Amino acid sequence: IIRPGGLEEPKRNTVLGPSALELSQGDALAGIISRADLAEVAVEAALAQSRNLQDTSFELYYTDGAQPCEGRFKSLLQSGEVSRLHGDTYEALFRGLNRDGEYFMPA
């Protein structure tokens, strides 16, 4: 399940690719993402052979716009409790994902 951040207006609806993206899990961080990058990630995830994408949910947004979903999660941007995944390829970007129930969920 891909949980995109806020969808960006079409004025910049271009594919920036994996190096501009950040994934996280636990519904604590968010940001914005273009429809084009969301579509590309959805296709790449569907075609990926990685077993860690099965039974997995993650948030998708641009790295430079990462923000906490709620004020109480602000410390999670720096603490490392929530994994902030990056990569130059989609394979590298997906590599650190954990199956649902196997990652930190803030209370």
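As a reminder, the structure under discussion sits directly above these lines.
Residues numbered from 1 in each chain as written. Predicted model: local features only at pLDDT ≥ 70, side-chain atom pairs only at ≥ 80, totals over all residues. Heavy atoms only, no water.

Engineer: Help me out: how do you make sense of the overall build of the protein in this one?
Structural biologist: Check the secondary structure of the protein and you find three helices and seven strands. Counting from the amino terminus, helix and strand elements in the protein follow one another as β-β-β-β-β-α-β-β-α-α. A compact globule built from 107 residues should have a C-alpha radius of gyration of about 13 Å, and the protein, at 13 Å, falls within 12% of that. In the protein, once contacts between residues fewer than 6 apart in sequence are set aside, the share between residues at least 24 apart is 81%. Accessible surface, the protein: about 6,000 Å² in total, of which carbon and sulfur atoms supply 50%. Both charge centroids of the protein, one from 10 positive and one from 16 negative side chains, sit 3 Å from each other. (Helix = DSSP H or I, 4+ residues; strand = E, 2+ residues; numbered from the N terminus. Rg over C-alpha atoms; globule rule 2.2 N^0.38 Å. Contact = heavy atoms within 4.5 Å. Areas by Shrake-Rupley, 256 points an atom, 1.4 Å probe, with all protein chains shown as cover. Lys, Arg positive; Asp, Glu negative; His and termini not counted. Charge placed at Lys NZ, Arg CZ, Asp CG, Glu CD.)

Engineer: Explain unusual backbone geometry to me, please; I cannot follow it from the model alone.
Structural biologist: Working note: non-glycine residues mostly have negative phi, and peptide bonds are mostly trans. Its identity is not glycine, yet Asp-27 carries a phi of approximately 55°, on the positive side. Turning to its location among the elements, Asp-27 is positioned in the loop between strand E3 (21–24) and strand E4 (29–30). Residue class for Asp-27 comes out partly exposed when judged on its relative accessible area of 44%. (Buried < 20%, exposed > 50% of the residue type's maximum accessible area, 1.4 Å probe, protein only.)

Engineer: Help me understand the pattern of salt bridges in this model?
Structural biologist: Side-chain pairs of opposite charge can arise whenever the charged atoms involved come near each other. The tally for this structure, following the rule as stated, stands at four salt bridges. Between Arg-84 and Glu-22 there is a salt bridge, and its shortest N-O distance comes to 2.8 Å. Here Arg-84, found in the loop between helix H2 (76–79) and helix H3 (90–94), pairs with Glu-22, found in strand E3; they are 62 residues apart in sequence, far enough to count as distant. What makes Glu-22 buried here is its relative accessible area of 0%. Of the charged contacts, one joins Glu-91 and Arg-95 as a salt bridge, the two residues approaching to 3.9 Å between their closest N and O atoms. Assessed through its relative accessible area of 60%, Glu-91 is described here as exposed. (Salt bridge = Lys/Arg side-chain N within 4 Å of Asp/Glu carboxyl O.)

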